[in-house]
Amino acid sequence: MAKKLPPVDVVLVGFGWTGAIMAQELTEAGLQVLALERGGWRDTPTHFPTTVAPDELRFYWRHEMFQDTARETLTFRNNDSQTALPMRRWGSFLPGSGVGGSGVHWNGQTFRFLPSDFVAASHNTDRYGPLPEGMTVQDYGVTYDELETHFDRFEKLCGIGGKAGNLRGALQAGGNPFEGRRSDDYPNPPMEMTFAQKQFGMAARELGLNPFPAPSANMSRPYTNPLGVQLAPCTYCGFCEKYGCGNYSKAIPQTTILPVLMGKHNFTLKTHNEVLEITRDSSGRRATGVTHVDVHGEVFEQPAEIVILCAYPLQNARLMMLSGIGRTYDPRSGEGLVGKNYCYQVVSSVDVFYEDRYTNQFVGAGALGMVIDEYNGDNFDHAGLGFIGGGYLACWTTNARPIETHRTPEGTPEWGAGWKKAVKENFLKSTGVSTHGASMAYAQNRLDLDPTYTDVYGRPLLRMTYDFTPNDRAMTAYLTERATEIAKRMGGREIKVNAREGAYDSMPYQTTHNTGGTIMGSTPANSVVNRYLQSWDVPNLFVMGAGVFPQNAGYNPTGTVAALTYWAAEAIKSRYLPDPGPMVRA
Amino acid sequence: MRKSASFLVAGSALLGAVEAARANDFAAVERGRYLTQAGNCQGCHTPAGEEPFAGSRPLETPFGVIYTPNITFDTETGLGRWTKDDFWRAMHEGKAKDGSQLYPAFPYPHFTKMPREDVDAIYAYLATLEPVRKKRPENELPFPLNWRFTVKGWNMTFFEPGVFRPDPEKSQAWNRGAYLVEGPGHCSGCHTEKNLLGADKKGRHLAGGRLENWSAPDIRAGRHGGLEKWSEEEIVEFLRTGRNAHSAAFSIMSEVISYSTQHMAEADLKAIATYLKDLTGEERAAPRKPADAVMTAGAAIYLDNCTACHVSDGSGVPRFFPPLAGSGKVNNPDPTTVIRVLLEGARAVPTKTHPSPLTMPAFGWKLDDDEIAAVATYVRSSWGNSGGAVEADEVRKLRGLLAEGPP
Amino acid sequence: MADQPALPDPTRTFFTAAERACVRAISARLIPSDDTGPGAEEADVVTFIDRQLAGFYGRGERWYTKGPFSEGTEQQGYQFESPPAGLYRKALAALDAHCRRTHEGKAFDELGAEVQDGILTAMEEGELEFEGVAATAFFELVLDNTIEGFFSDPIYGGNRDMVGWRLVGFPGARYDYRDYLDHDGKRLDIPPVGLAGRPEWKTP
């Protein structure tokens, strides 16, 4: 028998970026907010101070920052003909656990999706005709212009360093000419570029492209955000993604919101409490709260007026399925929506090796890079190309952590004297052009519950059925060719093309950008949540995170995830609270 | 007989309550609240995380441990039976309600400078607090100090009761600052070196002290003073926000800023700054030059461990990470704080204006005594600093004291 | 030696002496010591692997270990019932049996470098089949662990004297390169430092 706890206004399931933003916004509105986080408390001086942070083995390879697969993982297969098997350890993506979530170990590359990304279905259909068979791309139901001020808020919260390309409609030299109209510049200047970025910029300009500095959540100078919280200048130590920043230099919930939030009398955080189910009344149309379990195995019933899912996208989808809210998507019948349109990110790279120039990649940072956007979204004519969407190309210098990053030229053996010699000669003298491509939704790629494997509580694991699609393959081939053109002009001795070919492999790390499964849209017939991220079925249930993306765009998701969270918070405050109920009539 | 005795007790309790009620007018309570903050009463009378003002915080003194009393108006364990006169005698003369001597860990040698109306206002404020029933533990003082009358002799030697008298030669701001620093603020409690008997050393007023294994810096801000480089505005900023271009507050000063100075009126902080700027120090002899080998090792340790925050040239990131070049704490002749911060780390006080608890990690587990001494020496002898060398033996001794832990 | 305390041998935590000799020999072929510089031998990679296998990693404590187990596709990753330590134990026994059977009773570490390389290549390419354990998966695991042991912080027992980092020029566990941002493609000579320091921290 679950112990019933005193009710709260809002319960947040998970406490990473979206949970922290939502908590800050709703406590400001005077609501009593409770966040339930299944991982532990984490802060800079205790969990990743500079004295221990630069430890590649511990933090990356031994998964210090990530969800514990021993307790729960997901199962994976490329397609329906295979039996999904558990990912016994993480590989291709690395969901976080504990306070701050994956927002603690991100790189800090903070883009705004392109205006056309939000209307991918209608925009591409208008320009190129009907979408191909099996492609289930749709519009977000919210536009870039509606989100603009929310992007701006997140950039100011985080102290993003960058260069505006479109300031109130006027194009700015040195910025991204393709970006949506910005109401304001970035709060901080771009990071300082190193040798590799300069080579990339030169090569890109030679090709008539417009390189611009990547928007970065690694501080380019000391910054105090609008909440009064301080972020220190980045020291370019090269331990961002997969690590916590020991120096308060990377925007994470702990360095932007928590110092203010944690002291509020109307906010409570319970760590080591995992939500088991979203509970509903007898009508099934109203969430009554959640049940959760603590580390001692005691189960609690937490009543709440509003339930907001703020966990990792894969978790949000799974919790909806475990709670029986909405129908799980079935590609055979085409019915059901929860789990539909699971998308990823399609990445590739071209390495550049120098003869006598040193890239010194250990002088790096997670979002230290130069970018070109000519081949992203619909910034170029796709006629005759056989795909829609695209991606950005960038020269990042993020790290020289040697277990992970030791580039070797074409033809180098995997081990032995030849490998060792190549690693030695190229370790300090290589860089790369990476492509970061969109992932379009297809009917067969999806999430559902696994019929066989269970978590530590005996509940079904999430099952992922995913492979790259024809659109992905054509797109990544195109982007890789464009990257090769730039890489060849960067002054190196030789290049090596690392194309994305073959079946999607769940093991080598690619990126932690898992999207879809709880998608947003214009009607209950095509989406799990409406344009305010409110459940169509249960109007006092909201779902945050990249799970609401109907398909993934070429950019990294965090900026858009945060803007959508601010947008939803604003809607809850200004529309839902005065008149609780569906904010969009079905 | 017994009946009348208990009647008397009840009567005096009643009298206390009546006086408290009478004093409970808004202006006096507000003034009392302000002075209670200015005196940081909450700091000593509250153990970390417990009920404010209910006492029992152990104070480490050179003579033993003293537990602070409950100053809420609980009738059994607090001031519930105290009259205004009782309270005045405690503040002004250092005498408890029963006439016994209070230990001078209670800073009555400072509070004696406060006029009656200020003391009455504090009384009025404390009377408005929710009474908390909480009995304090027995003090741990060795003979003969556990005999409270011993303090009588101490008082005869070191204590001069008397309300603050303004210096007509000085400005109004100076006099207000002097009153706040010497009276309710009792700054010299930490910042003045004590003699063997625990009284302020003559001629060392606010020139730095040592307590609870910290060295409190010289806070004289005039010529040759420890804060000579601080402008009045910077002193105000430090007290109001916990940070300024030179430093960040941590440890005991965090409490002072957190409970007290960040809430004080700007004019009062300016007055404190005016007064401190008028206090001059004395020229210091240059310390002996450290050995080259120690400086070389210290430089390597500094480069590998410290520059991410404090920057390779010691300039730090003002208001984020304190500069070490020119730092009063770093240059303090007594290196205790430098060693201790290296061993244990330190957390900058989060304040209303700067809520981030920016924290330096501990190095005690990572660097041995020689390495701590070398990097401390390097920091105290570079970029124009002249704090002087630190010996490994000093590190070893402080580690030992810290290992004993708080009482 | 009655006056010696009965502590376990700190150089041996998981491996038997024979297993240790074998893994040491394997790692020495994966990252050989040659004229480009020290290899896995000097880095003491075998001690790193031994300690890793004795701890949570070897026991698979952070891995999902519930059944059922089946082989799976290449894209589905590690699907063995044994966690890493168990895989080593089984595979090393199988490798030993294979070597003794095909090389006149000799253990792997008693064979010449070329012969060893041949066996490793056969394992890598799936040409060698072990009884009850996948040779290719074992090879991949040893290769991963050897690279980890060569390049991880010396506190874990490998990368002794930071030889791996020195070989490639990685400056180690540093947290500030602001002074080098304008390197402009020139070589930087920054000595490596581990989490526990470097020799220059000591005052002579």
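Looking at an unreviewed UniProt entry, one finds chain C named Gluconate 2-dehydrogenase gamma chain, with Shinella granuli as its source organism.

Under the annotation held in an unreviewed UniProt entry, chain B carries the name Mono/diheme cytochrome c family protein and is attributed to Shinella granuli. The Subcellular location (unreviewed entry) comment attached to chain B in UniProt states, word for word, "Cell membrane".

Chemist: Tell me about the overall build of chain C, and please be specific about residues and values.
Modeler: Looking only at helices and strands, chain C has 7 helices and 0 strands in total. Mapped from its N terminus to its C terminus, chain C presents α and β elements in the order α-α-α-α-α-α-α. Here the C-alpha coordinates of chain C stretch approximately 55 × 55 × 40 Å along the principal axes. In chain C, which comprises 204 residues, the share counted as buried stands at 46%. Restricting the contact set of chain C to residue pairs at least 6 apart, pairs at least 24 apart contribute 56%.

Chemist: Can you explain the overall build of chain B? Please cite residues and give values.
Modeler: Secondary structure assignment for chain B yields 18 helices and 6 strands. Scaling as 2.2 N^0.38, a compact globule of 407 residues should have a C-alpha radius of gyration of about 22 Å, and chain B matches this with 23 Å. Projected onto its principal axes, the C-alpha positions of chain B cover 80 × 45 × 40 Å. Within the span of chain B, comprising 407 residues, buried residues form 45% of the whole. In chain B, once contacts between residues fewer than 6 apart in sequence are set aside, the share between residues at least 24 apart is 66%.

Chemist: Give me the nonpolar core: which residues, what numbers.
Modeler: Formed by 293 residues in total, the largest nonpolar core has its most connected members in Leu12(A), Val13(A) and Ile308(A). At 11 residues, helix 12 (residues 558-576) of chain A tops the list of elements feeding residues into this core. Ignoring any residue separated from it by four or fewer positions in sequence, one finds Leu12(A) in contact with Gly19(A), Met22(A), Ala23(A), Val33(A), Leu34(A), Ala35(A), Leu36(A), Ile308(A) and Cys310(A). Formed by 24 residues, the second largest nonpolar core is a distinct cluster that contains Ala54(B), Phe111(B), Tyr125(B) and Ala127(B).

Chemist: Please provide a residue-by-residue account of unusual backbone geometry, values included.
Modeler: A cis geometry characterises the amide bond from Gly67(C) onward to Pro68(C), with omega recorded as 0°. Relative to the helices and strands, Pro68(C) is located in the loop between helix 3 (45-54) and helix 4 (84-102). Residue Leu533(A) is not a glycine yet carries a positive backbone phi of 60°. Along the chain, the position of Leu533(A) falls in the loop between strand 21 (494-498) and strand 22 (541-543).

Chemist: Please provide a residue-by-residue account of the UniProt feature "binding site: heme c 3" (unreviewed entry) in chain B, values included.
Modeler: Within this numbering scheme, the UniProt entry marks Cys306(B), Cys309(B) and His310(B) as carrying the feature "binding site: heme c 3" (unreviewed entry). With respect to the helices and strands, Cys306(B) occurs in the loop between helix 13 (292-305) and helix 14 (307-310). Given 24 C-beta atoms within 10 Å, Cys306(B) falls into the buried group. On the secondary structure map, Cys309(B) appears in helix 14. Excluding its chain neighbours within four sequence positions, the residues that come into contact with Cys309(B) are Asn247(A), Gly316(B), Phe321(B) and Met360(B).

Chemist: Before we move on, can you summarise the interface of chain C and chain A with the specific residues and values?
Modeler: Opposite the 55 residues of chain C that make contact, chain A presents 55 residues. Listed by contribution, the elements that provide at least two residues to the side of chain C that touches chain A are helix 1 (17-30), helix 6 (135-151) and helix 7 (163-168) of chain C. Here the side of chain C that touches chain A is built from residues that sort into 24 nonpolar, 16 polar and 15 charged.

Chemist: Please provide a residue-by-residue account of the interface of chain B and chain C, values included.
Modeler: Contact with chain B, which involves 12 residues of that partner, is made by 10 residues of chain C. Here the side of chain B that touches chain C gets 6 residues from one element, more than from any other, and that element is helix 13 of chain B. Of the residues that constitute the side of chain B that touches chain C, the class distribution is 7 nonpolar, 2 polar and 3 charged.

Chemist: Explain the UniProt feature "binding site: heme c 1" (unreviewed entry) in chain B residue by residue, including any values.
Modeler: Residues and elements named next belong to chain B. Taking the numbering used here, the UniProt-annotated feature "binding site: heme c 1" (unreviewed entry) corresponds to Cys 41, Cys 44 and His 45. Turning to its location among the elements, Cys 44 is positioned in helix 3 (residues 41-44). For Cys 44, a count of 23 C-beta atoms within 10 Å corresponds to the buried category. When residues no more than four places from it in sequence are discounted, the contact partners of Cys 44 are Arg 57, Leu 59 and Thr 68.

Chemist: Hey, could you go over the confidence of the model for chain B for me, with residue numbers and the actual values?
Modeler: Looking at chain B, pLDDT values average 89 and 91% of them are 70 or higher. Overall, residues 1-15 of chain B carries pLDDT values under 50, and its contacts beyond four positions in sequence, including any with other chains, amount to 5 contacts.

Chemist: Outline the domain arrangement of chain B, listing residues and values.
Modeler: All names here are of chain B. Structurally, chain B comprises domain 1 (2-134 + 141-158), domain 2 (172-277) and domain 3 (292-404). Facing the 19 residues of domain 1 at the interface are 18 residues of domain 2. Partitioned by chemical class, the residues of the side of domain 1 that touches domain 2 number 10 nonpolar, 7 polar and 2 charged.

Calculation criteria
- Residues numbered from 1 in each chain as written.
- Chains lettered and ligands numbered in written order.
- Predicted model: local features only at pLDDT ≥ 70, side-chain atom pairs only at ≥ 80, totals over all residues.
- UniProt positions renumbered as here; feature names shortened; annotations may be inferred.
- Helix = DSSP H or I, 4+ residues; strand = E, 2+ residues; numbered from the N terminus.
- Buried ≥ 20, exposed ≤ 12 C-beta atoms within 10 Å, placed from the backbone.
- Contact = placed C-beta atoms within 7 Å.
- Rg over C-alpha atoms; globule rule 2.2 N^0.38 Å.
- Core = buried A, V, L, I, M, F, W, Y, C linked by C-beta atoms within 7 Å.
- Nonpolar A, V, L, I, M, F, W, Y, C, P; charged D, E, K, R; others polar.
- pLDDT = per-residue confidence, 0-100.
- Domains from an automatic or database assignment.

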